[in-house]
Amino acid sequence: MLQAARRMDAVNTTTRFPFSRSACLSALLGALASCPAAAEEDVFFSSLPVVASVSRLPQQLSETPASVTVIDQEMIRASGMRTVEDLLRLVPGFQVTSHNQDSAIVAYHGLSYGLSSEEYGPRVQVLVDGRSQYSPLFKSGVNWNLLPVALENIERIEVIRGSNTVSYGSNAFMGVVNIITMDPALTKGWMVSANHGNNGIRDEILRWGGSVGEANLRFTARSFQDDGFQYGFYSGRWTYSPDSRQSQLFDLRADIPLNDRDELQLTGTFARDMSQFGRPANANDPVRNMEQSSAAFGILWRRIVSATEEIKLRYGYRDDRAQSPYRTRINFTTNLAVPASVTFFPMIDPGGRSQQHELELEHLLSPRKDLRMMWGTGLKSTAVQSYEQFSSDGWKSRFAYRVFGNLEYRAADPLIFNVGASYEHDSISGAMFDPRISASFHVMPGHTLRLVASRAHRNPSLYETSGHSERRDVGNTGLADVLFHAQGVKPEQIDTLELGYLAELKEYRAMADVRIFSERIPNYIQILPLALPASSPDDREIQSLRMNAVNYAVYPNGRADSAVNLANVRIQGYEYQLNWRPFEATRLMYGNALVTISADYTDISRVADDFNNGPKIINQTRDSAPTHSQTAMLVQRLPYDVTASIMYFRASPMRWRRNDNVPIDASERIDWRLAKGFRLGQLGGEVAYVSQMINEQQQGRTINRLADRVHWLALRLEF
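Thresholds, definitions, all that
Residues numbered from 1 in each chain as written. Predicted model: local features only at pLDDT ≥ 70, side-chain atom pairs only at ≥ 80, totals over all residues. Heavy atoms only, no water. Core = buried A, V, L, I, M, F, W, Y, C linked by side-chain atoms within 4.5 Å. Buried < 20%, exposed > 50% of the residue type's maximum accessible area, 1.4 Å probe, protein only. Contact = heavy atoms within 4.5 Å. Pairing = 2+ DSSP bridges. Helix = DSSP H or I, 4+ residues; strand = E, 2+ residues; numbered from the N terminus. Phe/Tyr/Trp six-rings, centres within 6.5 Å; stacked < 30°, edge-to-face > 60°. Lys NZ or Arg CZ within 6 Å of the ring centre and 35° of its normal. Salt bridge = Lys/Arg side-chain N within 4 Å of Asp/Glu carboxyl O.

Participant: Can you tell me about the nonpolar core, naming the residues and giving the values?
Facilitator: Counting residues in each nonpolar core, the largest one holds 57 residues, and the members touching the most others are L88 and I179. Those residues in contact with L88, other than ones at most four positions away along the chain, are I71, F94, V96, V106, W144, V159 and V177. Counting residues in each nonpolar core, the second largest holds 15 residues, with L137, F277, V384 and F390 among its members.

Participant: Give a detailed account of the sheet that holds strand β7 (residues 131-132), specifying residues and quantitative values.
Facilitator: The mixed open sheet is built from five strands, whose spatial order is β3-β8-β9-β6-β7. Edge strands, defined here as strands with exactly one partner in the open sheet, are β3 (67-72) and β7. Bridge count between strand β6 (residues 124-128) and β7: two bridges; the pairing is antiparallel. Of the residues in β7, the one forming a bridge with L127 is S132.

Participant: So what's going on with the packing of aromatic side chains? Which residues, and what values?
Facilitator: Each aromatic ring pair is described using two quantities: the centre-to-centre distance and the angle formed by the ring planes. Applying the stated criterion across every chain yields a total of eight aromatic pairs. Taking 4.9 Å as the distance between ring centres and 65° as the angle between the ring planes, the aromatic pair formed by Y552 and F611 counts as edge-to-face. Taken as a pair, Y552 in the loop between α8 (543-546) and β33 (559-583) and F611 in the loop between β34 (586-601) and α9 (613-622) lie far apart in primary sequence, 59 residues in all. Look at W672 and Y689: their rings are 5.3 Å apart centre to centre, the planes differ by 55°, and that puts the pair in the tilted class. Remark: Y689 occurs in strand β38 (residues 683-692) and W672 occurs in strand β37 (residues 667-680); sequence separation between them is 17 residues. On the accessibility criterion, W672 (29% relative accessible area) is partly exposed. Residue classification places Y689 among the partly exposed residues on the basis of a relative accessible area of 25%. An aromatic cluster of three or more residues is present, and its members are Y574, Y576 and Y590. Above the face of the Y326 ring, R288 is positioned so that its terminal group lies 3.8 Å from the ring centre.

Participant: If you had to explain the pairing of strand β26 (residues 415-426) to someone new, which residues and values would you point to?
Facilitator: Taking every second residue as pointing to the same face, the buried face of β26 carries I416, N418, G420, S422, E424 and D426, while none of L415, F417, V419, A421, Y423 and H425 on the other face is buried. Alignment of strand β25 (residues 396-412) against β26, held across 12 bridges, turns out to be antiparallel. In the sheet register, Y409 faces β26, and the bridge partner there is F417. Once β25 ends, the chain turns through two residues before running back antiparallel as β26. Summarising the sheet, β26 and strand β27 (residues 430-444) pair through 12 bridges and their orientation is antiparallel. What sits directly across from H425, in β27, is A431. If you look at the hairpin formed by β26 and β27, you'll find three residues sitting between the two strands.

Participant: Please give an account of the pairing of strand β31 (residues 492-505) that cites residues and values.
Facilitator: Put simply, side chains in a regular strand alternate between the two faces of the sheet. As defined by bridge partners, strand β28 (residues 447-458) adjoins β31 across 12 bridges and the pair is classed as antiparallel. Considered in β31, the bridge of R455 is made with D495. Between β31 and strand β32 (residues 510-531), which follow one another and run antiparallel, lie four residues, and R509 among them has a positive phi close to 55°.

Participant: If you had to explain the pattern of salt bridges to someone new, which residues and values would you point to?
Facilitator: Tallied over the full model, the rule gives 51 salt bridges. Residues R450 and E498 are paired through a salt bridge, measuring 3.4 Å at the closest nitrogen-oxygen approach. Placement of the pair is R450 in strand β28 and E498 in strand β31, with a sequence separation of 48 residues. When its relative accessible area of 4% is taken as the criterion, R450 is described as buried. For E498, a relative accessible area of 5% puts it in the buried group. Between E686 and R716 there is a salt bridge, and its shortest N-O distance comes to 3.1 Å. Of this pair, E686 sits in strand β38 while R716 is found in strand β41 (residues 710-718), placing the two residues 30 residues apart along the sequence. On the basis of relative accessible area, R716 is assigned to the buried category, the value being 13%. Salt bridges here are not isolated pairs; linked through shared partners, they connect R161, R450, E498, D513, R515, E519 and E575.

Next up, the structure:
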């Protein structure tokens, strides 16, 4: 049945997903080549990439309802990058900070303020073979240190620039990073590789691929290590500051054909990370280790009903854990009748545990030649246990379900409509409805205009909706310093208008993609100090400061940070990317983005802070993305199986954290790589030299941490 379905794909306008990825791609292209919009006379489409991340329907880039950047295997290898997050520097509009005592932050169009509720970036959905990497423990963000995929296993990365909650739920608020790994059938044999260089870089990976009966298997073990950012500015001087990281990854995937219609895919991963935190000689933030781990299991059943219909059922389970117990110093002046200075040393642990179950059904079909559609439904159950986040050892839980669908209608040869919607209901936040409509018009061969209008929501994390964090002098005075207290927050909403232009210039062997956008968030969630209720009083600060006339709001019971919808944000600009191959051995990629952010409070009278800090907080939102950014990559294949590549990244000043008085400086970064491939009988491989930040030191997410030049030798063997 599978073979028959693949043969029918070649004469049918609807694309199906056979089990082998290579066969799938052939079937996709064959089916699309027979579509009315991709007929023989319109062969200009045939070289455009086919992606399935936007609407969950396989579509050429000229027909998707969103802008997409594809990072393929050639780019991944030529970049020399060691992590997925670093690869995203190649995407226009993305900002990335390397791990600096914390997991990396990956943001699209800014809106990341680096405080304790957003250190993991909650607005860009990240998928590995369709499995979401959002974690309840890490405040509904992505902990990139625990990403369960090795670069050597990635086939391509499809990055959707813009909201896509229609297809992937409320976490796909600003964009989607869909990491697609290679079919195990294409990774048979052994592969070993290693990176060794300065700054403690020690990476090793072992991969085996093979068959057991009709099942194709791939097993990967990886070790990753470096010393991170070693320069810190503390106590008025630059000094050595520990920042090492060690991580391990074990990944197993099995693709098992059950019969000529059905296939089962099993995945199991375990990732572990140990990173150093803290500042040297600082009793409030002592140097310590944080241990984190993530174990996950997934099962996907896929049935091909016919050449034009397919059903998928996916279940996933994830268990995340973290621990980093340490003793800190707390000192403040109380609000007692006779104010006094108190000091105590509580033991705290910012870690915890979370569990998540997800079940999703997806149905693809084509009722007519000019109509394709997919619909699906999903259930998600999450639970978090973290004393630091909730001041309780109990579990906090939530349950959500959603129904979603996308429809592609070919109204005429040059005009394609895409319509989609998602309805999601969360046990805490309630209902969210997200629609999207787009029209793609093929103006002339090789030139497409796209107009998109959409609405999307981001569901606040359990910490934002229900968190309570405090430092209490237990067993002594009982005094408390409340750090965070949830006081009610609604889902964020973003309304987007987008005009896109895609050009395939075959005579120049080039492709250009332009996106002009306007994004409005009328209820942006920020972490702001609010007055505490009488039921949760705070003992910090004397009463005269609490009732001071220079505050926007007085706070007789004390104050604490809270997640609140108190800002109206508008993001406007453009971005474009060029992909040019002037010669078969030469490839040039260039990206450029202009992003302007305007933001204002909707009700500043609720903010329990003085008049000086109000502008500072809103200015951080405006500065959270660089106004101008550029990225470029040149790959040149040379004689004797030598490949040279160079990368260039530039960004204007921006502000990762609102607590920094000034933005981080404008930055320029240059990386390069030189590699030589070889083959000795059955043994193939490559040796490479990689150097990053060769031009200047780079600031991290704060102005007081610097990363210096790193370089290493890389060796890969396959047999």
